[in-house]
Amino acid sequence: MTFSSTQGREGRPALMAVGLAVALLAAGCADTAGIASHAHMRDAAQAGVPATAQPANDFAQVDAQWWHAFGDAQLDTLEQQALAASPSLQVAQARVAKALAATGVAEAAGRPQLSGDAQVLRQRYSENYIYGALGGTVQENGTLQLNGSWELDFFGRNRAAIQAAVGSARAAQADAQAARILLTTNVARSYIQWARLEAQRDVARRTLAQREETLRLVRDRVSAGLDTQLEQRQSEGGLPEARQQIEVLNEQIENARHALDALVAVPDATRGLTPPALASLQAVPLATQIPADLLARRPDVAAARWRVEAAARDEEGARAQFYPNINLTAFVGTQSIGFDKLVKSGSLQWGVGPALHLPIFEGGRLRANLGGKAADHDAAIESYNGAVIDAVHEVADQVASARSIGRQQVEQGNAQRAAEDAYHIALQRYQAGLGTYLNVLTAETAVLTQRRQAVDLVARALDTQASLARALGGGWAGDAPAAEKTAALNESAAAR
């Protein structure tokens, strides 16, 4: 609805009073009843995070460059290359820049606006309209004008939009940190996988050499008439099997290197590197329990929390649209018929005054919009709750795996020693003619199985440490305690 008046100065106070009364009436009639977010953010206790901090000797803190603890210079170089060249990180940074730009747009909406207009026009005026003596003539018109406006944010719509944009920008920044942590974790895990395959190939080569030595023994016994061709063929069949296993591992190693090259985003980054050895990678000391400040360490949880903040402010902005929108507008410039008069003092024109927009009847559009924003707020809260649950679940899984792998390694070491002893005894008995070659094969199979399991358990222990470092936040330090932000958001929701 637009109000206009030709009254002089004496009529302006009355007009402003009428406008203010209408504004208050419209504000009082704004109906937002029954439309609000109903979801609630889970606190740390509800998510299963301990209420008190763990002892310092639990190694709960994670360094931002935690992979240095593995003690491998090649891995350190690969991590730095990945951080410098990864397209995924560049995409995340571009999203941060876009979100920051959106913040600037939102901030600009609450500041005074100024624009300039210039127009030159050759026009024929109608003979049957209001132009009088100008009717039927062709004239040249000119306009030079500056226009200004400033929205008075009495009801906080622009302020809410700025806060929503800031929340989205902070979420994008936290997402970028989460992407960084995920990348460094994947590089470390891929490097460990490469080391695991190299160790498995060493086991396969050792098995091949062992079988070649056994074949020589069997052939000597066949030549001496102590064994038959059956034992010799059984022994010969083990060699191509071992060579085939080596070839399988060669393929897997190449694929692992290609995957690592892709993560680092440097072609043939692993080509000139020395194959990593599992035994040279040191254990990373990490938490043995869920730390009390887990939620403040996780950038993905922080991103979800900032999205809740942005959604809450969007809901406030939608609610503010029910109230009057008041602008101060002004213009100054010149206008004339005939270009030669455009810059003369008599062509001056100006105007200044308030503009009022009242949402009196809009067919339910504002209520529908508010309902959508409230639903977005609920969805953001539940996404945050899901992120919290996933964070605690992930840490609990990795901690449990780390403890279990340690116990498995003890038992596997005992089993491997027993299998190695049994193999040597079976081989000695076969050499002495007291046992069969089948006993040797059975014992060898058990030894090979235990050797492979030993390699896999060492690799799993290192991989779990890398995954746990990520689960504990990857060394990211939030800009504010999670509990404070959660409490503030909950208080805001309760107030509404």
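Preceding block: the structure.
Predicted model, so just to flag it, every value in this text is computed and none were measured.

Procedures and definitions
- Residues numbered from 1 in each chain as written.
- Predicted model: local features only at pLDDT ≥ 70, side-chain atom pairs only at ≥ 80, totals over all residues.
- Heavy atoms only, no water.
- Core = buried A, V, L, I, M, F, W, Y, C linked by side-chain atoms within 4.5 Å.
- Buried < 20%, exposed > 50% of the residue type's maximum accessible area, 1.4 Å probe, protein only.
- Helix = DSSP H or I, 4+ residues; strand = E, 2+ residues; numbered from the N terminus.
- Contact = heavy atoms within 4.5 Å.
- Pairing = 2+ DSSP bridges.
- Axes fitted to C-alpha atoms, helices over the stretch in contact; angles between N-to-C directions.
- Parallel < 35°, antiparallel > 145°, perpendicular 65-115°, else oblique.
- Left-handed = near helix turned anticlockwise from the far one by under 90°.
- Nonpolar A, V, L, I, M, F, W, Y, C, P; charged D, E, K, R; others polar.
- Polar contact = N/O pair within 3.5 Å; in protein donor to acceptor, adjacent residues only side chain to side chain.
- Salt bridge = Lys/Arg side-chain N within 4 Å of Asp/Glu carboxyl O.

A. Local environment of the nonpolar core. Core analysis: the biggest nonpolar cluster contains 65 residues, and Trp66, Phe70, Tyr384, Val395 and Leu472 have the highest contact counts within it. It is helix 5 (residues 157-223) that contributes the most residues to this core, 13 residues altogether. If sequence neighbours within four positions are ignored, Val395 has contacts with Ile290, Leu294, Leu468, Ala471 and Leu472. Counting 12 residues, the second largest nonpolar core, distinct from the first, contains Tyr430, Tyr437, Val440 and Ala443.

B. How the structure looks around the sheet that holds strand 1 (residues 113-124). A sheet is described by the order of its strands in space; here 4 strands give the open sequence 1-2-3-4, paired in antiparallel fashion. Every other strand in the sheet has two partners, leaving strand 1 and strand 4 (348-357) as the edge strands with one partner each. Here the average twist between neighbouring strands, direction ignored, is 20°. The sheet contact formed by strand 2 (residues 138-152) and strand 3 (residues 325-337) spans 12 bridges and is antiparallel. When the bridges of strand 3 are listed, Thr143 appears paired with Gln335.

C. A look at the packing of helix 5 against helix 8 (residues 299-320). Closest axis-to-axis distance for the helix 5/helix 8 pair is 7 Å, and the angle between their directions is 165°. Taken together, the axes of helix 5 and helix 8 are roughly antiparallel relative to one another. The handedness of the crossing between helix 5 and helix 8 is left-handed. Taken together, the residues that form the contact of helix 5 with helix 8 break down as 12 nonpolar, 5 polar and 8 charged.

D. Main features of the side chain of Ser347. Among the secondary structure elements, Ser347 is positioned in the loop between strand 3 and strand 4. The class of Ser347 is buried, set by a relative accessible area of 9%. Among the polar contacts made by the side chain of Ser347, one reaches the main-chain carbonyl oxygen of Lys341 at a distance of 2.6 Å. What Ser347 contacts, discounting residues up to four positions off in sequence, is Gly333, Thr334, Gln335, Ser336, Lys341 and Leu342.

E. Highlighting the pattern of salt bridges. Enumeration according to the criterion identifies 21 salt bridges in this entry. Glu213 is paired through a salt bridge with Arg216; the nearest N and O atoms lie 2.4 Å apart. In this pair, Glu213 and Arg216 both sit in helix 5, 3 residues apart, roughly one turn of the helix. According to the relative accessible area criterion, Glu213 is partly exposed, its value standing at 45%. Taking relative accessible area as the criterion, Arg216 reaches 46% and is therefore assigned partly exposed. The shortest N-O distance in the salt bridge between Asp300 and Arg298 comes to 2.7 Å. In the salt-bridge network here, residues are joined through shared partners; they are Arg298, Asp300, Glu394 and Arg470.

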